[in-house]
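# Observations on chain architecture
What follows is the residue order along each chain.
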Amino acid sequence: MQDRFLKSIAKLPEPLATAIVPLLDKDFAGHLDALQLNELQTKSGMELNELLLALLPIAAALARPPISEFHVGAIAKGKSGDIYMGANIELPGEALFHSVHAEQSAISHAWLSGESIIEDIIVNASPCGHCRQFINELVDGEKVNIHLPDQATAPLSHYLPYAFGPSDLDVTEPLLSKQQQTLTLDSNDPMIIEGLDHAGLSYAPYTKAYASVVLETKDGATYCGRYAENAAFNPSMQPMQMALSTMARHNRDFSEINRAVLIESSKGVISLVGAAMDALHSVAAVELEHIVVEPE
């Protein structure tokens, strides 16, 4: 079991702790499939919603909050039945808008894993306004059920009445719906090829700044992030932050970053290069490779 989960295990009911320890191996990065969840239910004797709330300490163990030292865990449950954990991340010395909220982390985890619909968000504190707006960007976002400890489950529309969302800006394919932009570049560099794929799947209906980040560690592993815009603009999730969140979930130290690539479309009305460089330089002494691509 990974050391970062030692304190969390002590917070779980004993039958659940015993059942989940074998799953928390060196490769665990916050994903449990529907079959694993069913097995945990059977072994713990817990109902699904009770089980998901009980797993929040495991999600919170993924957090990296050097500024607040406040660990927040969140779980996104997809239509597939799988769950995706996420946690808050703060970048040392950088402005607070560089932070990743736990709900954003969990949602981006699900998105990168191919989920198209999120049905439930489980979190250990009421979602802030920033996260409510981010959830509202999803397919059927107003219907996403919010589960909190010791509170009745309610849809997002309860927490965000009279919401402003994609449809108000004439966007008919919200976040998590299939996006496919054709971005090509003549390259045989595996990182660039991977980055092009993710940039093509990014979500930027308001600025057309389709973009992705690929981070490579010294052992050759890669971690990706895509741009995810929001109708309210400020809750948009930067691809660098998403890539760093992915690294954190995989228990990798940011000092292991050996190479970083940002790919973005030339047709965007904004550029993410400044924000990406600031975030990267707060955690690693690596220069950012910036590649601008002409879309087809």
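Residues numbered from 1 in each chain as written. Predicted model: local features only at pLDDT ≥ 70, side-chain atom pairs only at ≥ 80, totals over all residues. Heavy atoms only, no water.

### Re the overall build of the protein chain
On a plain count of helices and strands, the protein chain comes out with 11 helices and 10 strands. The C-alpha atoms of the protein chain give a radius of gyration of 19 Å, which matches the 19 Å a tight globule of 296 residues would have. Principal-axis analysis of the C-alpha atoms gives the protein chain an extent of 55 × 45 × 35 Å. Taking all 296 residues of the protein chain together, the buried fraction comes to 56%. Taking the intrachain contacts of the protein chain between residues at least 6 apart in sequence as the baseline, contacts between residues at least 24 apart amount to 65%. (Helix = DSSP H or I, 4+ residues; strand = E, 2+ residues; numbered from the N terminus. Rg over C-alpha atoms; globule rule 2.2 N^0.38 Å. Buried < 20%, exposed > 50% of the residue type's maximum accessible area, 1.4 Å probe, protein only. Contact = heavy atoms within 4.5 Å.)

### Examining a nonpolar patch on the surface
A grouping of Met1, Leu6 and Val21 is seen on the molecular surface, where their side chains present a nonpolar patch of about 240 Å² in accessible area. Residue placement: Val21 occurs in the loop between α2 (14–20) and β1 (31–32). (Patch = residues over 30% accessible without salt bridge, like charges linked within 9 Å, V, L, I, M, F, W, Y side chains within 5 Å. Areas by Shrake-Rupley, 256 points an atom, 1.4 Å probe, with all protein chains shown as cover. Salt bridge = Lys/Arg side-chain N within 4 Å of Asp/Glu carboxyl O.)

### Observations regarding the side chain of Arg226
On the secondary structure map, Arg226 appears in strand β8 (residues 222–226). Contacts of Arg226, omitting those with residues within four sequence positions, involve Trp111, Leu112, His198, Leu201, Ser202, Ala211, Ser212, Met237, Gln238, Pro239 and Met242.

### Description of the pattern of salt bridges
Within this structure, the stated rule accounts for 7 salt bridges. With its nearest N and O atoms 3.7 Å apart, the salt bridge here joins Glu119 to Lys77. Taken as a pair, Glu119 in strand β4 (residues 118–123) and Lys77 in strand β2 (residues 73–78) lie far apart in primary sequence, 42 residues in all. Judged by its relative accessible area of 28%, Glu119 falls in the partly exposed class. Taking the shortest distance from any N to any O, the salt bridge between Asp189 and Arg259 comes out at 2.6 Å. Of the two residues, Asp189 sits in the loop between α8 (156–159) and α9 (190–200) while Arg259 sits in strand β9 (residues 257–265), which places them 70 residues apart along the sequence.

### Section: the packing of aromatic side chains
Taken as a whole and judged by the stated rule, the model has 2 aromatic pairs. Seen from their ring centres, Tyr206 and Phe233 are 6.1 Å apart, and the 45° between their planes marks the pair as tilted. Separated by 27 residues along the polypeptide, Tyr206 in the loop between α9 and β7 (211–217) and Phe233 in the loop between β8 and α10 (239–249) bring together distant segments of the chain. Taking relative accessible area as the criterion, Tyr206 reaches 18% and is therefore assigned buried. Directly above the ring of Phe254 sits Arg64, whose terminal nitrogen or CZ lies 4.8 Å from the centroid. Above the ring of Trp111, the side-chain terminus of Arg226 is found at 4.9 Å from the ring centroid. (Phe/Tyr/Trp six-rings, centres within 6.5 Å; stacked < 30°, edge-to-face > 60°. Lys NZ or Arg CZ within 6 Å of the ring centre and 35° of its normal.)

### Quick word on the pairing of β8
When you tally the buried positions in β8, you get 4 out of 5 residues, the bulk of the element. With 5 bridges joining them, β7 and β8 adopt antiparallel strand pairing. Bridging from a neighbouring strand, Leu215 pairs with Tyr223 of β8. (Pairing = 2+ DSSP bridges.)

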